[in-house]
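Observations on the three-dimensional arrangement
Here is what each chain is made of, one letter per residue.
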Amino acid sequence: MMIEIKRVGVIGAGQMGTGIAQACATAGFAVRLNDREEKRIDAAFSNIDTSLAKLVSKGKLEERAKCEARERIIPAYSFADFAECDLVIEAATENEATKCQILSKLCNALSCEALVATNTSSISITRLAAITDRPEKFIGIHFMNPVPVMQLVELIRGIATEEQTYEAAKAFVAKLGKTSTMSEDFPAFIVNRILLPMINEAVYTLYEGVGSVESIDNAMKLGANHPMGPLELADFIGLDTCLSIMQVLHEGLADSKYRPCPLLVKYVEAGWLGRKAKRGFYDYRGAEPVPTR
């Protein structure tokens, strides 16, 4: 029988994990939020408080609903705190070794019936599932950023993922008030398979001197009606994440068209990772973002 998801665990209290926890709690799920650093959990709760308060101020959430959602999220200081969860979503950094390390330790703390998911934006679901003791109960649930706002969730089945697991994940996404799309287990799935090469090409356009940061972003906003320019979007995603996805595409598909732009590599090497580092293709340290090239 298909498992009914009521209690959700989230591993990783960064931008994505925090957003997933908030979306789940707002939709009525009991949530346990974990991170290897306790201070990151504290920061996540502060960010959730701010985000929920903004929704109330905009009239998108009632005060009572905000308080109820906040009460549904409880810290999980170890994987043992996930013992009663029906679904645990790994939302750690986009690094396969890190994810494998987490998944190899996680399953011993879970009930036999619990489902396990990863929020990876590019890594093989089949390969990650093989690390666990339950590949048939493992699935990719890829949320878009920012999670509370974006409506799409990609569901990715590994080669061993059972139908009941997929149906349970699909029902879970529907309860979040979001729309799911099913992707086959190919590098970067659907959204990032299309989006990241566009961003990488924008970086090449900058690297080759075709246009400045500002002109490239304005060209795509005003000429293609994109809500955000590709370089601004790269900063929002995180340049390290962009590079990681391009590397997965390049290695997984063995096609030179996915080669990461050398300039993207240099920015990551410099630690200019975008908004979260205060510098990327824009400098965010002042009152207004300023192009860095």
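Within each chain, residues carry numbers counting from 1 in the order of the written sequence. Local features are withheld for residues below a pLDDT of 70 in this predicted model, meaning they are given only at 70 or higher, and side-chain atom pairs are given and counted only at 80 or more; totals for whole chains, interfaces and linings count all residues. Note that the side-chain values use all heavy atoms of the structure and ignore hydrogens as well as water.

**Structural notes on the pairing of strand E5 (residues 115-118)**
Burial along E5 is two-sided: the face carrying Leu115 and Ala117 and the face carrying Val116 and Thr118 are both buried. Note: strand E4 (residues 87-90) against E5, 4 bridges, orientation parallel. Pairing of Leu87 across the sheet is with Leu115, part of E5. Handedness of a crossover is defined as follows: orient the strands so they point away from the viewer, and if the path from the first strand over the helix to the second runs clockwise, the crossover is right-handed. Helix numbers and strand numbers start at the N terminus; a helix is a DSSP run of H or I with at least 4 residues, a strand a run of E with at least 2. Between the parallel elements E4 and E5, the chain passes through helix H4 (residues 96-106) in a crossover that is right-handed. As paired elements, E5 and strand E6 (residues 138-143) share 3 bridges and run parallel to each other. Following the sheet pairing, Ala117 is matched in E6 by Ile139. Each residue gets one of three labels from its accessible area relative to the maximum for its type: buried under 20%, exposed over 50%, partly exposed in between, using a 1.4 Å probe on protein chains only. Any two strands are treated as partners once DSSP identifies two or more bridges connecting them.

**Comments concerning the pattern of salt bridges**
Any carboxyl oxygen of Asp or Glu that lies within 4 Å of a side-chain nitrogen of Lys or Arg is treated as forming a salt bridge with it. Going through the model one piece at a time under the given rule, you end up with 17 salt bridges. Residues Asp86 and Arg7 are paired through a salt bridge, measuring 3.3 Å at the closest nitrogen-oxygen approach. Taken together, the positions of Asp86 in the loop between strand E3 (73-76) and E4 and Arg7 in strand E1 (residues 7-11) put the pair 79 residues apart, joining distant regions of the chain. Judged by its relative accessible area of 9%, Asp86 falls in the buried class.

**Structural notes on the UniProt feature "domain: 3-hydroxyacyl-CoA dehydrogenase C-terminal" (unreviewed entry) in the chain**
UniProt positions are given in the numbering used here, feature names are shortened, and annotations may be inferred rather than shown by experiment. The positions that UniProt labels "domain: 3-hydroxyacyl-CoA dehydrogenase C-terminal" (unreviewed entry) are, in the present scheme, residues 189-284. Between the end C-alpha atoms of residues 189-284 the distance is 31 Å, and the span holds 61% helix and 2% strand.

**Details of the packing of helix H9 (residues 230-237) against helix H10 (residues 239-253)**
Relative to each other, H9 and H10 sit at 100 degrees, their axes nearing to 6 Å. Taken together, the axis directions place H9 and H10 in an arrangement best described as roughly perpendicular. Contacts between H9 and H10 involve Ala234, Asp235 and Ile237 from the first element and Leu239, Thr241 and Cys242 from the second. All amino acids are sorted into three groups, where Ala, Val, Leu, Ile, Met, Phe, Trp, Tyr, Cys and Pro are nonpolar, Asp, Glu, Lys and Arg are charged, and the leftover types, Gly among them, are polar. Looking at the contact of H9 with H10 residue by residue, the classes come out as 4 nonpolar, 1 polar and 1 charged. For helices, the axis comes from a line fit to the C-alpha atoms of the stretch in contact; other axes are also lines fit to C-alpha atoms, and the angle between any two N-to-C directions lies between 0 and 180 degrees. These descriptions rest on fixed angle ranges, namely under 35 degrees for roughly parallel, over 145 for roughly antiparallel, 65 to 115 for roughly perpendicular, and the rest for oblique. Every residue pair with non-hydrogen atoms within 4.5 Å of one another is taken to be in contact.

**Comments concerning the UniProt feature "domain: 3-hydroxyacyl-CoA dehydrogenase NAD binding" (unreviewed entry) in the chain**
Here, UniProt's "domain: 3-hydroxyacyl-CoA dehydrogenase NAD binding" (unreviewed entry) annotation points to residues 8-182. Structurally, residues 8-182 comprises 41% helix and 21% strand, and the distance from its first C-alpha atom to its last is 21 Å.

**Comments concerning H4**
For H4, the full list of buried residues reads Lys99, Cys100, Ile102, Leu103 and Leu106. The buried residues of H4 occupy an angular sector of 165 degrees when projected down its axis, which confines them to one face. Seen from the open side of H4, the exposed residues pointing more than 90 degrees away from its buried face are Ala97 and Lys105. If you follow the buried residues of H4, they end up packed against E1, E4, E5, helix H5 (125-129) and E6. This arc describes the spread of directions from the helix axis toward the C-beta atoms.

**Digging into H9**
Counting buried positions over the 8 residues of H9 gives 6, a clear majority of the element. For H9, the full list of buried residues reads Pro230, Leu231, Glu232, Leu233, Ala234 and Asp235. Those residues of H9 hidden inside the fold are in contact with helix H7 (191-207), helix H8 (213-223), H10 and strand E9 (282-283). In the segment just after H9, Gly238 is the residue with positive phi, at about 110 degrees.

**Structural notes on the sheet that holds strand E8 (residues 179-183)**
Taken together, the 8 strands give an open sheet; going across it, the order is E3-E2-E1-E4-E5-E6-E7-E8, and neighbouring strands pair in mixed fashion. The two strands at the open ends of the sheet, each matched to only one other strand, are E3 and E8. Pairs of neighbouring strands in the sheet enclose a mean axial angle of 25 degrees, with direction left out of account. Across the sheet, helix H1 (residues 15-26) lies against E1, strand E2 (30-34), E3, E4 and E6, angled at about 165 degrees from E2, the strand it touches most. Along the sheet face, H4 touches E1, E4, E5 and E6 and points at about 160 degrees away from the line of E4.

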